[in-house]
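Each chain is listed here by its residues.
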Amino acid sequence: MKKKIWIPLVIAGVLLIGSIAYLMVTLHNQKQENKAMQELAELDKKEMENEYQQFANQYGEMKTQISNDSIVAQLTAEQQKTERLLEELRNVKSSDAREIARLKRELATVRAVLRSYVLEIDSLNRLNQNLTAENTRVRGQYEEATRQIQGLSSERASLSEKVAIAAQLDATGINMILKNKRGKATKNMKKCKSIQVNFTIAKNVTAANGVKTFYVRVTSPTGALLGGGGSFNYENRSLQCSMKKSVEYGGQETSVTTYWNVDQTLMDGTYQVSIFADGNMIGSRSFTFK
């Protein structure tokens, strides 16, 4: 009878011990699993913090790459928002699944917004590079055009100068003749009653046609001017002349004769004859009388 009672008790004890052992193993495994999950949550939280920090830094870097004040203000606002979310994440417990999930959604939004700004700034930078290249090209064309214009101006000035020189009249065949009271040529200064100066204006098809006034200056051996012919302008000053004459000039060879009546005693020696027209001295020659 006692044996029949003892056997069930042993069986019940074995079952109880087995149940306790199973429960202990289950609790241990669950504890280990919870620990692993906690470590994963901490790692996930730390990774999120790193991403938030990287995004905040990228916003700061982008602000240095652009000069658009409006976009800089937008980047600053997004950077401040990212730093605020980072601070919230640092203060939340990794075990707070609901808050961690919210901040993970916010992180995805920050990532998308940052990507859009990266694309926009990259587009603006490419546009700016294209504009800079275009500006450089246009500036180069402008500078080249300026050099060409300056070259043309210089050539035009040189051409104008050459034309002016080419258009200048030239007096050739200058001759000074002493005449007595009967109008005959003489070499005796004491018998000279008038002086005749002849010259020829050379052919010049580049000179302007029309009436030309020729001024003749005759200076004595002492350098005194045989005056009385009036005045004319030469090199921004007024000069006196001995005689002058206006003739029609049409670009062909033209002879001119002028006279000066002697009203003073003339001496032997070298006389200088200079001829002027259009503000230029167009010929000069000296004559010696003994």
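Counting restarts for each chain: residues are numbered from 1 in the order of the written sequence. Totals for whole chains, interfaces and linings use all residues, but because this is a predicted model, local features are given only for residues with pLDDT of at least 70 and pairs of side-chain atoms are given and counted only at 80 or more. In computing side-chain properties, one takes all heavy atoms of the structure into account and sets aside hydrogens as well as water.

(A) Structural view of the side chain of Thr-219. When you line up the elements, Thr-219 lands in strand β3 (residues 210-219). Note on exposure labels: buried denotes an accessible area under 20% of the residue type's maximum, exposed denotes more than 50%, and partly exposed covers the range between, all computed with a 1.4 Å probe on protein chains only. Judged by relative accessible area, Thr-219 falls into the buried class, the value being 17%. Any pair of residues with heavy atoms lying within 4.5 Å of one another is described as a contacting pair. If near-sequence neighbours (up to four positions away) are discounted, Thr-219 is found in contact with Ala-224, Leu-225, Thr-270, Tyr-271 and Gln-272. By definition, any uninterrupted DSSP run of H or I lasting at least four residues is a helix, any uninterrupted run of E lasting at least two residues is a strand, and each is numbered from the N terminus.

(B) A look at a positive patch on the surface. Here, patches come from residues exposed beyond 30% relative accessible area and free of salt bridges, joined within 9 Å for like charges and within 5 Å for nonpolar side chains (Val, Leu, Ile, Met, Phe, Trp, Tyr). Residue exposure ignores everything except the shown protein chains as possible cover, and the areas themselves are Shrake-Rupley values with a 1.4 Å probe. Salt bridges, as used here, are contacts in which a Lys or Arg side-chain nitrogen is within 4 Å of a carboxyl oxygen on Asp or Glu. Note on charges: Lys and Arg go in the positive column, Asp and Glu in the negative column, and His and the chain ends are not counted at all. By convention, the charge on Lys lies at NZ, on Arg at CZ, on Asp at CG and on Glu at CD. Taken together, the side chains of Lys-181, Arg-182, Lys-184, Lys-191 and Lys-193 make up a positively charged region of the molecular surface. Tracing the sequence through the fold places Lys-193 in the loop between β1 (171-179) and β2 (194-201).

(C) Representation of helix α2 (residues 69-91) in the model. Helices are assigned an expected span. That span is 1.5 Å times one less than the residue count. Along its 23 residues, α2 runs 33 Å from first to last C-alpha, staying within 8% of the 33 Å computed at 1.5 Å per residue. Restricting attention to buried positions, one finds in α2 the residues Ile-71, Leu-75, Glu-78, Gln-79, Thr-82, Leu-85, Leu-86 and Leu-89.

(D) Fine view of the nonpolar core. Ranked by internal contacts, the top residues of the largest apolar core, which has 29 residues, are Met-176, Ile-195, Phe-199, Ile-201, Phe-214, Val-218 and Val-273. Secondary-structure elements contributing two or more residues to this core are β1, β2, β3, β6 (243-249), β7 (254-261), β8 (269-277) and β9 (280-289). Those residues within four positions of Phe-214 in sequence are excluded, and the remaining contacts are Leu-169, Phe-199, Ile-201, Met-243, Lys-244, Lys-245, Val-247, Val-256, Phe-276, Ala-277 and Ile-282. If you look at the next biggest cluster of nonpolar residues, it comprises 19 residues, including Ile-71, Leu-107, Leu-114 and Tyr-117. Throughout this description, the term nonpolar core refers to a set of buried Ala, Val, Leu, Ile, Met, Phe, Trp, Tyr and Cys residues connected via side-chain atoms within 4.5 Å.

(E) Quick look at the sheet that holds β9. Note on pairing: two strands pair once DSSP finds at least 2 bridges between them. Taken in spatial order, the four strands of this open sheet run β6-β3-β8-β9, and their pairing is antiparallel. Single-partner strands in this sheet number two, and they are β6 and β9. Ignoring strand direction, the axes of neighbouring strands in this sheet form an average angle of 20°. Here β3 pairs with β6 via seven bridges, running antiparallel. Within the sheet, the bridge partner assigned to Val-211 lies in β6 and is Glu-248. Axis definition: a line fitted to C-alpha atoms, limited for helices to the stretch in contact. Angles are taken between N-to-C directions and run from 0 to 180 degrees.

(F) Representation of the pattern of salt bridges within the structure. Here the structure, examined in full by the defined rule, presents six salt bridges. When the shortest N-O distance is used, the salt bridge between Lys-46 and Glu-49 registers 3.9 Å. Taken together, the residues Lys-46 and Glu-49, both in helix α1 (residues 2-63) and three residues apart, mark about one turn of the helix. Given the relative accessible area of 48%, Lys-46 is considered partly exposed. Exposure remark for Glu-49: the relative accessible area of 11% places this residue in the buried category. Close ionic contact of Asp-278 with Lys-212 constitutes a salt bridge, the shortest N to O distance being 3.2 Å. Separated by 66 residues along the polypeptide, Asp-278 in the loop between β8 and β9 and Lys-212 in strand β3 bring together distant segments of the chain. Residue Asp-278 is classed as partly exposed on the basis of its relative accessible area of 48%. Here Lys-212 falls in the buried class, since its relative accessible area comes to 9%.

(G) Here's a closer look at the packing of aromatic side chains. Ring pairs shown here join Phe, Tyr and Trp side chains whose ring centres sit within 6.5 Å, with only the six-membered ring taken for Trp; geometry is labelled stacked below 30 degrees between planes, edge-to-face above 60, and tilted in between. Using the criterion set out here, one finds six aromatic pairs in the structure. Aromatic pair Phe-232 and Phe-276: ring centres 5.0 Å apart, planes at 45°, arrangement tilted. Of this pair, Phe-232 sits in strand β4 (residues 231-234) while Phe-276 sits in strand β8, and the two are 44 residues apart along the sequence. The class for Phe-232 is buried, based on a relative accessible area of 6%.

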